[in-house]
Amino acid sequence: MNVYSTHRLCTAPMLDWTDRHFRFMARLLCQNVRLYSEMIHANALIFGNRQAFLADSDTTHNTAIQLGGSEPDALAKASQIIADAGFVEVNLNCGCPSPRVQKGSFGACLMRSVDLVADCLNAMMQQGQAEVTVKHRIGIDDDEDYSVVCDFVGALSHKTPCRTFIIHARNAWLHGLSPKENRDIPPLKYDFVYRIKQDFPDLNIVINGGIAHNEEISQHLQHTDGVMLGRGIYHQPMLMQTWDKTFFNQTHSALTDDDLINRLYQYAVQETAQKTPLRNIVKQWLGLFYGQNGVRLWRQTLSDSTQLAKNNPELILLAFDKMKSFQVAVE
Ligand SMILES: Cc1cc2nc3c(=O)[nH]c(=O)nc-3n(C[C@H](O)[C@H](O)[C@H](O)COP(=O)(O)O)c2cc1C
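Residues numbered from 1 in each chain as written. Predicted model: local features only at pLDDT ≥ 70, side-chain atom pairs only at ≥ 80, totals over all residues. Heavy atoms only, no water.

(A) Layout of the layout of surface pockets. The computed volume of the largest pocket comes to approximately 770 Å³. Pro13, Met14, Leu15, Lys135 and Arg183 are the residues nearest the centre of the largest pocket, which is lined by 32 residues in total. Counting only elements with at least two residues in the lining of the largest pocket, the list comes to helix 5 (99-103), strand 8 (226-229) and helix 10 (231-235). In terms of residue count, the dominant contributor to the lining of the largest pocket is helix 10 (3 residues). Taken together, the residues of the lining of the largest pocket sort by class into 15 nonpolar, 10 polar and 7 charged. Approximately 260 Å³ is the volume attributed to the second largest pocket. Along the wall of the second largest pocket there are 17 residues; nearest its centre are Arg27, Leu28, Gln31, His252 and Leu255. Looking at the lining of the second largest pocket, the elements with two or more residues in it are helix 1 (20-29) and helix 11 (243-248). Here the lining of the second largest pocket gets 4 residues from one element, more than from any other, and that element is helix 1. Taken together, the residues of the lining of the second largest pocket sort by class into 6 nonpolar, 6 polar and 5 charged. (1 Å grid on protein atoms, 1.4 Å probe; cavity = no way out; pocket = protein on both sides within 12 Å on 5 of 7 lines; lining within 4 Å. Points joined across faces, edges and corners; volume = space filled by probe spheres on them. Helix = DSSP H or I, 4+ residues; strand = E, 2+ residues; numbered from the N terminus. Nonpolar A, V, L, I, M, F, W, Y, C, P; charged D, E, K, R; others polar.)

Here's what the structure looks like:
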């Protein structure tokens, strides 16, 4: 039996990155990590191509879909679709600062409308199967006080049955910073998240922001129930391969590089047969061998647009072969 928190380790939702192809790779690297989709607007799920968002090749047992939106009815419908598809969690985005998202009145600006967030979460819970959680910041604009995030969490835990709060430990500045700058410039205040756990010990508190190494994860786990990593695993996906053993005390052996490529190849054969562009399938795998000799050949071969346009999965084997041959030559 797994005695650890369901959110002990999580991959962060990342637009244009943590799609179902990424999730396929991540699940091969770590069985226990809670995976998050990129943010999907509730209406895109209701009226758009659901399959493209939800057709996970892996089981959905440890995967969450993140929703954007602020209309309780639409969020309720989208949550039902997600629960029916078998995902275990639906997460509401209250942390995205992008101007487009602000214009739609959702994302980080919802931190100023806690009653509406409560209505949204309660509506999302009507489906009754998947856990409903929220991801947010510690404040917006020039909020400096701990009381902002404390009041937000306190109100939601009082007005809704939501018990899991994923907290990006910096403010969102809604004016003058790009979304990218908003992930780096507002200062990180991990102590605010630690205090939330102290003040609400019964809640499941997950910390996020600027965490990239296992030593840091271990430190945060002394103060919170879970840790979420975004760019750390985006740049070095193999970090996830150490997690089942290091953080979940599991003894199964990690897949070898050959096994991983074999699984990717089989997956790409199935996907390209359904006309999925090879470019989309391999994009997240480009960083897999970060730090290994010959990784440049792996990346170059799988980034060659003329070759990718042929949509032939053999390109994966060729890229791996080139990297391995280089390694043999230099050893
Ligand atoms: C390319 C990219 C896209 C992102 N898209 C989302 C998103 O769709 N939803 C969300 O809640 N956060 C999004 N984020 C923010 C991350 O989930 C995370 O909160 C942030 O990157 C801080 O964590 P990190 O320092 O571990 O990367 C995105 C971040 C990146 C780098």
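(B) Local environment of unusual backbone geometry. The residue Asp16 is not glycine, and still its phi comes out positive at about 65 degrees. With respect to the helices and strands, the residue Asp16 is situated in the loop between strand 1 (9-11) and helix 1. Asp16 gets classed as exposed once you look at its relative accessible area, which sits at 54%. For Asn249, which is not a glycine, the phi torsion comes out positive at approximately 55 degrees. The residue Asn249 is located in the loop between helix 11 and helix 12 (257-273) in this model. (Buried < 20%, exposed > 50% of the residue type's maximum accessible area, 1.4 Å probe, protein only.)

(C) Expanded view of helix 8 (residues 190-199). Listed in full, the buried residues belonging to helix 8 are Phe192, Val193, Tyr194, Ile196 and Lys197. On its buried side, helix 8 packs onto helix 7 (146-159), strand 6 (164-168), strand 7 (204-208) and helix 9 (214-221). (Contact = heavy atoms within 4.5 Å.)

(D) Expanded view of the pairing of strand 3 (residues 63-68). Extensive coverage of strand 3 is indicated by the burial of 6 of its 6 residues. Side chains Thr63, Ile65 and Leu67 of strand 3 all project onto a buried face; the interleaved residues Ala64, Gln66 and Gly68 project onto the opposite face, where all are buried too. Sheet topology note: the strand 2 (residues 35-41)/strand 3 ladder contains 5 bridges and is parallel. Directly across from Tyr36, in strand 3, lies its bridge partner Ala64. Relative to strand 4 (residues 89-94), strand 3 runs parallel, the two being bridged by 4 bridges. Pairing of Leu67 across the sheet is with Leu92, part of strand 4. In this fold, the crossover linking strand 3 to strand 4 by way of helix 4 (residues 72-84) has right-handed handedness. (Pairing = 2+ DSSP bridges. Right-handed = clockwise from strand over helix to strand, strands pointing away.)

(E) Spotlight on the packing of aromatic side chains. Under the criterion given, the structure shown has 8 aromatic pairs. Between Trp17 and Tyr234, the ring centres sit 4.2 Å apart and the planes meet at 25 degrees, which makes this aromatic pair stacked. Taken together, the residues Trp17 in the loop between strand 1 and helix 1 and Tyr234 in helix 10 connect sequence positions 217 residues apart. Ring plane angle 80 degrees and centroid distance 5.7 Å describe the contact between Tyr146 and Phe192, whose orientation is recorded as edge-to-face. Highlighted residues: Tyr146 in helix 7 and Phe192 in helix 8, separated in sequence by 46 residues. Given a relative accessible area of 9%, Tyr146 falls into the buried group. (Phe/Tyr/Trp six-rings, centres within 6.5 Å; stacked < 30°, edge-to-face > 60°.)

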